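Spelled out, the chains give:
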Amino acid sequence: EDGNGVVIPIEIKIRKGTGSVSTTINNVDMLAGAQDSIRTAVKVAQSFTGFNLKSKDIEVTFQNILPEIVQIDGSSAGAAITVTLIAVIRNNTIDDKVMMTGTIENDGTIGPIGSVQKKAEAARAAGAIIFLVPVGQKVNVSGIQIIEVNGIENVVGIVLK
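Residues numbered from 1 in each chain as written. Predicted model: local features only at pLDDT ≥ 70, side-chain atom pairs only at ≥ 80, totals over all residues. Heavy atoms only, no water.

1. Here's the deal with helix α1 (residues 32–49)
- Here α1 spans 26 Å end to end across 18 residues, near enough to the 26 Å set by a 1.5 Å rise per residue.
- Those residues of α1 not exposed but buried are Ala34, Ser37, Ile38, Thr40, Ala41, Val42, Val44 and Ala45.
- Phi turns positive, to about 75 degrees, at Gly50, one or two residues after α1. (Helix = DSSP H or I, 4+ residues; strand = E, 2+ residues; numbered from the N terminus. Expected span 1.5 Å × (residues − 1). Buried < 20%, exposed > 50% of the residue type's maximum accessible area, 1.4 Å probe, protein only.)

2. Regarding unusual backbone geometry
- Positioned with a positive phi, Asn27 is a non-glycine residue whose angle comes to about 60 degrees.
- Looking at the element boundaries, Asn27 is found in the loop between β2 (21–26) and β3 (28–30).
- Of the residues examined, Asn27 reaches a relative accessible area of 28% and is grouped as partly exposed.
- Located in the positive-phi region is Asn91, a residue other than glycine, with phi close to 60 degrees.
- If you trace the backbone, Asn91 turns up in the loop between α2 (78–90) and β6 (98–100).
- For Asn91, a relative accessible area of 69% gives the class exposed.

3. With respect to the pattern of salt bridges
- One pass over the full model with this rule turns up three salt bridges.
- The salt bridge partner of Glu59 is Arg15, with a shortest N-O separation of 3.7 Å. A residue pair is termed long-range when its members are at least 10 positions apart, and Glu59 in strand β4 (residues 56–63) and Arg15 in strand β1 (residues 10–16) qualify at 44 residues.
- Look at Glu59 and you get buried, because its relative accessible area is 17%.
- Take Arg15: its relative accessible area is 42%, and that puts it in the partly exposed class.
- In this structure, Arg39 and Asp36 form a salt bridge, with 2.8 Å as the shortest nitrogen-oxygen distance. Here Asp36 and Arg39 lie together in helix α1, a separation of three residues that amounts to about one turn. (Salt bridge = Lys/Arg side-chain N within 4 Å of Asp/Glu carboxyl O.)

Fair warning: the whole summary comes from geometry, so function is off the table for now.
See below:
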């Protein structure tokens, strides 16, 4: 609301189940755009890995450590949710010095977002050394390397260990 970027950690758990997707939030007000993004992220992660998630339950947790509630609307965490799902499915670890923003489209491409400059500044303040942004979204923040990405395959190659 105040126009500043904020870093909100995402945790994902996958377990046996019936194909449900649930969201747990702490100090986060999640609106419909973010929920739609989670659904798309699940579809893309399943397609990308070839792993059938229809018999799994997925829980996506947003853990805001700030004292005030942060509102998430829109889909700018979609690519981050997708790569986190892929990491869980593949049992990979995520490089915690890399942060990102960008929507996820059904075909796996990374789409544009708003307030990219503020998000890059928040990532730098949180200790990131690399910040991934959608192709064409120019950012200039000293002290952090900005890398433009166009698809989830680019992101996986940079983020997963």
